[in-house]
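Here are the chains, one letter per residue:
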Amino acid sequence: MTRHQKEIIIKNVFLIFSLISIFILGLIVVFLFREGIPLFKEVSLRDFIFGMEWYPTYSPPSYGIWPLIVGSLIVTVFSSLIAVPLGVLSAVYISEIAPPAIKEVLKAIIELLAGLPSVVLGFFGMVIVAPWLQATFDLPTGLNIVNASVILAIMAVPTISSISEDALYAVPNEFKEASYALGATKFETIARIIIPSALSGISTAVILGMARAIGETMVVLMVAGGAAALPESIFDSVRPMPASIAAEMGEAPFRSGHYHALFATAIVLFLMTLAFNLIADYISQKFKEVGSATL
Amino acid sequence: MPAILGTLYLTIGAITVALPLGVVAAIYLTEYAKQGKIVRAIRVGVNCLAGVPSVVFGLFGLGFFVVFLNFGSSILAGALTLGILILPTIIGASEEALKGVPQTFREASLALGVSKWLTIWKIVLPSALPGILTGSILGIGRAAGETAPIMFTAAAFFTAKLPGSIFDEVMALPYHVYVLATAGTHIEQTRPIQFGTVLVLVALVLGIDLIAIIIRSYMRRKKRW
């Protein structure tokens, strides 16, 4: 065997290993559908997605996941409202304003925050935030949308902040220098030059942060309250999709309608996060080449 | 203690699955691949895999490893599920580390007539090792703290005996926290135990992460190029 042939073989072996992640993604899809599709012999797709009632254990059971979808969307939107300003502003501070020493410390802290296990944050929300909310606002329960959104925001901030920071860092120095040379203040430079140039990266960060929030399980399972009904106020309990799956999978009899319904819910969840990710990927790909040479 | 051990077993299992796969994929992406459709597809695939919710990994683990491959609820199934979960983290970190190796290193080696594979093995990989290590440690931290994927695939709330083989169920810290906090009959009375378990878990995970961060800043300072 010549050296050249050997190199080609090695290259192809490496290629095969790289394809494994796509293969796994495919497997995930196949198995979710394999276990989820049988549900639609019992319920139509329309009743499943827009059905208002989620009573999987009743007889006859009803599998409408609309309240669960709404629950997921609500906590995601509210947590983004909290996490996006926090994450983006802290990224701006870290990359543009902070002196190097503070920058290093802040980056390490954000990284540690990202590493905090979700079950720990969930526990924190349950034991500390929930009683406080309940006492302060005089509510029947502290496990509600507000609580879940706050905790999810804590989880999403590190994602948003670190990706935004990369985007801000990538803005060419010439831009800043040109702006300063025209007499702009630091704030004007940040607000009018740096942030607009980094906008595609920042939007990617926001979308990925939202994807993280919508797919997060333990937090919503522990602090969202678990009421499978459309909420009327932000202090109501909701039951987002991941919470429902995690809570009920243990009890659902194997290959029953309930079991298939939970897999079908996972398909919906999977497709939603997949869409988020593809959009983020598309944005970062499309606006990638905005360097000093192209402008 | 059984819960700590269970977490360790699962984590070690996950890293043995994910590390070789992740590093090899990263080598392909940085060293061999030319920009093209396949590479683009792999990158999108990795990104999407990174974004899959952990509970979906759990269901996949249940459907594939536990039911389809008939592993049952076991360390093996849990470790494989966690391994897939941290694969994108490791690919991403290894890629960054490999990209950080200066192009001149490769050129020097190739100019001496060394084959491409040997260049990667003897020159590029050793230089990138600290970065790869950091990435893997962060991956370990993530695997140790995840709950949802192991709920259906590996975890038992209480098993008196330590696992004897990789096909046994184990206790795991994160799941233990969850059950203690939500399902106990005397939730108020067991609060101290809950806080204690949470503390152990946080100390474990943050300790792992901290080690990674310290190694990295140390390596950055020591860099020879």
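The structure this text deals with has already been given above.
Heads up: these notes are all about the structure in this document. Keep in mind the model is a prediction, meaning the values are calculated, not measured.

Conventions and cut-offs
Residues numbered from 1 in each chain as written. Chains lettered and ligands numbered in written order. Predicted model: local features only at pLDDT ≥ 70, side-chain atom pairs only at ≥ 80, totals over all residues. Heavy atoms only, no water. Helix = DSSP H or I, 4+ residues; strand = E, 2+ residues; numbered from the N terminus. Buried < 20%, exposed > 50% of the residue type's maximum accessible area, 1.4 Å probe, protein only. Contact = heavy atoms within 4.5 Å. Areas by Shrake-Rupley, 256 points an atom, 1.4 Å probe, with all protein chains shown as cover. Patch = residues over 30% accessible without salt bridge, like charges linked within 9 Å, V, L, I, M, F, W, Y side chains within 5 Å. Salt bridge = Lys/Arg side-chain N within 4 Å of Asp/Glu carboxyl O. Buried area = accessible area lost by both parts, 1.4 Å probe. Polar contact = N/O pair within 3.5 Å; in protein donor to acceptor, adjacent residues only side chain to side chain. 1 Å grid on protein atoms, 1.4 Å probe; cavity = no way out; pocket = protein on both sides within 12 Å on 5 of 7 lines; lining within 4 Å. Points joined across faces, edges and corners; volume = space filled by probe spheres on them. Nonpolar A, V, L, I, M, F, W, Y, C, P; charged D, E, K, R; others polar. Phe/Tyr/Trp six-rings, centres within 6.5 Å; stacked < 30°, edge-to-face > 60°. Axes fitted to C-alpha atoms, helices over the stretch in contact; angles between N-to-C directions. Parallel < 35°, antiparallel > 145°, perpendicular 65-115°, else oblique. Core = buried A, V, L, I, M, F, W, Y, C linked by side-chain atoms within 4.5 Å. Domains from an automatic or database assignment.

Brief notes about the overall build of chain A
For step 1, the next point in the chain: What chain A contains, in helices and strands, is twelve helices and two strands.
For step 2, the next point in the chain: Each helix and strand of chain A, ordered N terminal to C terminal, gives the series α-α-β-β-α-α-α-α-α-α-α-α-α-α.
For step 3, the next point in the chain: Among the 295 residues that make up chain A, the fraction classed as buried is 49%.
For step 4, the next point in the chain: Within chain A, residue pairs in contact and separated by at least 24 positions form 71% of the contacts whose partners lie at least 6 positions apart.
For step 5, the next point in the chain: Surface accessibility of chain A: about 13,900 Å² in total, with carbon and sulfur atoms responsible for 69%.

What about a nonpolar patch on the surface?
Residues and elements named next belong to chain A.
For step 1, the next point in the chain: Residues Val-77, Phe-78, Leu-81, Ile-82, Leu-86 and Val-150 make up a contiguous nonpolar surface patch of roughly 490 Å² in combined accessible area.
For step 2, the next point in the chain: Here the nonpolar patch takes five residues from helix H3 (residues 66-97), the largest share from any one element.
For step 3, the next point in the chain: On the accessibility criterion, Phe-78 (33% relative accessible area) is partly exposed.

Re the interface of chain B and chain A
For step 1, the next point in the chain: At the junction of the two partners, chain B supplies 62 residues and chain A supplies 54 residues.
For step 2, the next point in the chain: Here chain B packs against chain A, burying approximately 5,200 Å² in sum over the two surfaces, 78% of which is carbon and sulfur.
For step 3, the next point in the chain: One salt bridge in this structure joins B:Arg40 and A:Asp281, with 3.0 Å as the shortest N-O distance.
For step 4, the next point in the chain: At the surface where chain B touches chain A, the tally comes to four residue pairs in polar contact (both at pLDDT 80 or more).
For step 5, the next point in the chain: Broken down by secondary-structure element, the contributors of at least two residues to the side of chain B that touches chain A are helix H1 (2-32), helix H2 (37-51), helix H3 (54-68), helix H4 (75-99), helix H6 (116-145), helix H7 (148-153), helix H8 (173-182) and helix H9 (191-222) of chain B.
For step 6, the next point in the chain: If you tally residues by element for the side of chain B that touches chain A, the top one is H9(B), at twelve residues.

Observations concerning empty space enclosed by the protein
In this approach a probe as big as a water molecule rolls over the atoms, and the regions it shows empty are the leftover space.
Residues and elements named next belong to chain B.
For step 1, the next point in the chain: Counted under the stated rule, the structure contains one cavity of 30 Å³ or more.
For step 2, the next point in the chain: Here the largest cavity is characterised by a volume of approximately 40 Å³.
For step 3, the next point in the chain: Contributing to the lining of the largest cavity are Thr-7, Leu-10, Thr-11, Leu-82, Ala-143, Ala-144, Glu-146, Ile-150, Ala-172 and Pro-174.
For step 4, the next point in the chain: Put simply, the parts of the chain that give the lining of the largest cavity at least two residues each are H1 and H6.
For step 5, the next point in the chain: With three residues, the top contributor of residues to the lining of the largest cavity is H1.
For step 6, the next point in the chain: Its residues placed into classes, the lining of the largest cavity shows seven nonpolar, two polar and one charged.

Observations concerning the packing of aromatic side chains
For step 1, the next point in the chain: Overall, the coordinates contain five aromatic pairs over all chains when judged by the stated rule.
For step 2, the next point in the chain: Judged by centre distance (4.8 Å) and plane angle (65°), the ring pair of A:Phe31 and B:Phe64 falls under edge-to-face. You can see A:Phe31 sitting in helix H1 (residues 3-36) and its partner B:Phe64 sitting in helix H3, one on each of two chains. With respect to burial, A:Phe31 and B:Phe64 carry one shared label: buried.

Overview of the packing of H1(A) against H3(B)
For step 1, the next point in the chain: Two numbers describe how H1(A) lies on H3(B): the axes approach to 9 Å, and their chain directions differ by 80°. The angle between the axes of H1(A) and H3(B) places the two elements in the roughly perpendicular class. Contacts from A:Leu27, A:Ile28, A:Phe31, A:Leu32 and A:Arg34 in H1(A) reach B:Val56, B:Phe57, B:Leu59, B:Phe60, B:Gly63, B:Phe64 and B:Phe68 in H3(B).
For step 2, the next point in the chain: Split by residue class, the contact of H1(A) with H3(B) holds ten nonpolar, one polar and one charged.

Comments concerning the side chain of A:Ser179
For step 1, the next point in the chain: Note on placement: A:Ser179 falls in helix H7 (residues 173-181).
For step 2, the next point in the chain: For A:Ser179, the contacting residues outside a window of four places in its chain are A:Ala184, A:Thr189 and A:Ile193.

Looking at the environment of B:Ile27
Residue and element names in this part refer to chain B.
For step 1, the next point in the chain: Mapping Ile-27 onto the fold places it in helix H1.
For step 2, the next point in the chain: Look at Ile-27 and you get buried, because its relative accessible area is 3%.
For step 3, the next point in the chain: For the pair Ile-27 and Ile-91, spaced 64 residues apart in the sequence, the C-alpha separation amounts to 8.9 Å.

With respect to the nonpolar core
Soluble, globular proteins show a tendency: their nonpolar side chains are buried together.
For step 1, the next point in the chain: The biggest cluster of nonpolar side chains holds 120 residues, and the ones touching the most others in it are A:Ile28, A:Leu32, B:Val56, B:Leu59 and B:Tyr178.
For step 2, the next point in the chain: The biggest single contributor to this core is H1(B), with 14 residues.
For step 3, the next point in the chain: Domain assignment of the residues forming this core places at least three in each of domain 1 (3-41) and domain 2 (45-286) of chain A.
For step 4, the next point in the chain: What A:Ile28 contacts, discounting residues up to four positions off in sequence, is A:Phe270, B:Leu49, B:Val56, B:Phe57 and B:Phe60.
For step 5, the next point in the chain: Counting 18 residues, the second-largest nonpolar core is a separate cluster that includes A:Ala83, A:Ala153, A:Ala156 and A:Ala205.

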